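Working through the structure, step by step
Below, each chain spelled out in residue letters.
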Amino acid sequence: MIDIEDFNKKVLKKKKEHRRFFLKLKSVNPKKLDEYVHPIHDEVFSCTDCLKCANCCKTTSPIFSDRDISRIAKHLRTKPSILTDKYLKLDEDKEYVLKKTPCTFLDDDNRCSIYDVRPKACREFPHTDRVKQTQILHLTQKNVEVCPAVFEIVDKLKAAIK
């Protein structure tokens, strides 16, 4: 298991350093940034077991699109309106998110009970393999505080981009 307390201490310790680094990343050529990030993402996730952590599922909520809601409701054999009323709320951006954390669908063993139909945001998390990383630096900066793998990716990225 990942020691989340220790991880949170590391996040706090490097918060200013990360903030400065993300400002620097904004000036990196977008294609070059992808060329740096994607191999590091692959390297880190080749030896990362998300089931040992699940901090993302325990502390944050994905955005649920209408498509996600319909797919999950069908899987759970319920109506989308019932799923929405029971588990979701509209956030300040008028997007559906979970009413509470940890995620309702997270089992005790850190497995997702709706894994095959999970929201797109969950399937794509932490987004460090997406093309055009420059466009989602704000998201990666948030995710560095949630996901130990992203924290490691950013540390390796700092070594690669001096």
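On a predicted model such as this, the values are computed, not experimentally measured, just so you know. (Residues numbered from 1 in each chain as written. Predicted model: local features only at pLDDT ≥ 70, side-chain atom pairs only at ≥ 80, totals over all residues. Heavy atoms only, no water.)

**Thoughts on the state of the cysteines**
By the definition in use, this model includes zero disulfides. Residue cysteine 47 stays outside any disulfide, its sulfur separated by 11 Å from that of cysteine 50, the closest cysteine. Under the relative-accessibility criterion, cysteine 47 is labelled exposed at 61%. No disulfide involves cysteine 122; its sulfur sits 6.2 Å from the nearest other cysteine sulfur, which is in cysteine 57. (Disulfide = S-S within 2.5 Å. Buried < 20%, exposed > 50% of the residue type's maximum accessible area, 1.4 Å probe, protein only.)

**Here we look at helix α5 (residues 66-75)**
Of all the residues in α5, the buried ones are Asp68, Ile69, Ile72 and Ala73. Buried positions in α5, seen along its axis, are confined to an arc of 125° and lie on one side of it. Exposed residues pointing more than 90 degrees away from the buried face of α5 are listed as Asp66, Arg67 and Lys74. Directly beyond the C-terminal end of α5, a positive phi value near 55° is found at arginine 77. (Helix = DSSP H or I, 4+ residues; strand = E, 2+ residues; numbered from the N terminus. Arc of directions from axis to C-beta.)

**Focus: unusual backbone geometry**
Between threonine 101 and proline 102 the backbone carries a cis peptide bond, its omega angle lying at 0°. Residue proline 126 is reached from phenylalanine 125 by a cis peptide bond, and omega for that bond is 10°. You can see proline 126 is positioned in the loop between α7 (120-124) and α8 (137-143). A positive phi is found at alanine 54, a non-glycine position, where the angle reads about 60°. Taking relative accessible area as the criterion, alanine 54 reaches 5% and is therefore assigned buried.

**Some thoughts on the pattern of salt bridges**
Under the defined criterion, the tally for this structure stands at ten salt bridges. Notably, a salt bridge pairs lysine 15 with glutamate 145, separated by 2.9 Å at the nearest N-O pair. Here lysine 15 is found in helix α2 (residues 15-25), whereas its partner glutamate 145 is found in the loop between α8 and α9 (148-160), with 130 residues between them in sequence. By relative accessible area, which is 32% here, lysine 15 ends up partly exposed. (Salt bridge = Lys/Arg side-chain N within 4 Å of Asp/Glu carboxyl O.)

**Here's the deal with the environment of leucine 51**
Positionally, leucine 51 belongs in the loop between α3 (30-45) and α4 (55-59). With a relative accessible area of 29%, leucine 51 lands in the partly exposed category. Spatially, the C-alpha atoms of leucine 51 and proline 80 are 28 Å apart, while their sequence positions differ by 29 residues. In this structure leucine 51 touches Met1, Asp109, Asn110 and Arg111, once residues within four positions along its chain are discounted. (Contact = heavy atoms within 4.5 Å.)

**Some points on the nonpolar core**
Formed by 20 residues in total, the largest nonpolar core has its most connected members in Leu25, Leu33, Val154, Leu157 and Ile161. Listed by contribution, the elements that provide at least two residues to this core are α1 (4-13), α2, α3 and α9. With six residues, the top contributor of residues to this core is α9. The residues contacting leucine 157, other than those within four sequence positions of it, are Phe21, Leu25, Leu33, Tyr36, Val37 and Ile40. Core analysis: the next-biggest nonpolar cluster, separate from the first, contains 14 residues, Ile72, Leu83, Tyr87 and Leu106 among them. (Core = buried A, V, L, I, M, F, W, Y, C linked by side-chain atoms within 4.5 Å.)

**Notes on the packing of aromatic side chains**
A complete count under the given rule lists three aromatic pairs for this structure. On the numbers, 6.3 Å between centres and 75° between planes, the contact of phenylalanine 21 with phenylalanine 22 is edge-to-face. The lysine or arginine in question, arginine 118, covers the ring of tyrosine 115, its NZ or CZ lying 3.8 Å from the ring centre. (Phe/Tyr/Trp six-rings, centres within 6.5 Å; stacked < 30°, edge-to-face > 60°. Lys NZ or Arg CZ within 6 Å of the ring centre and 35° of its normal.)

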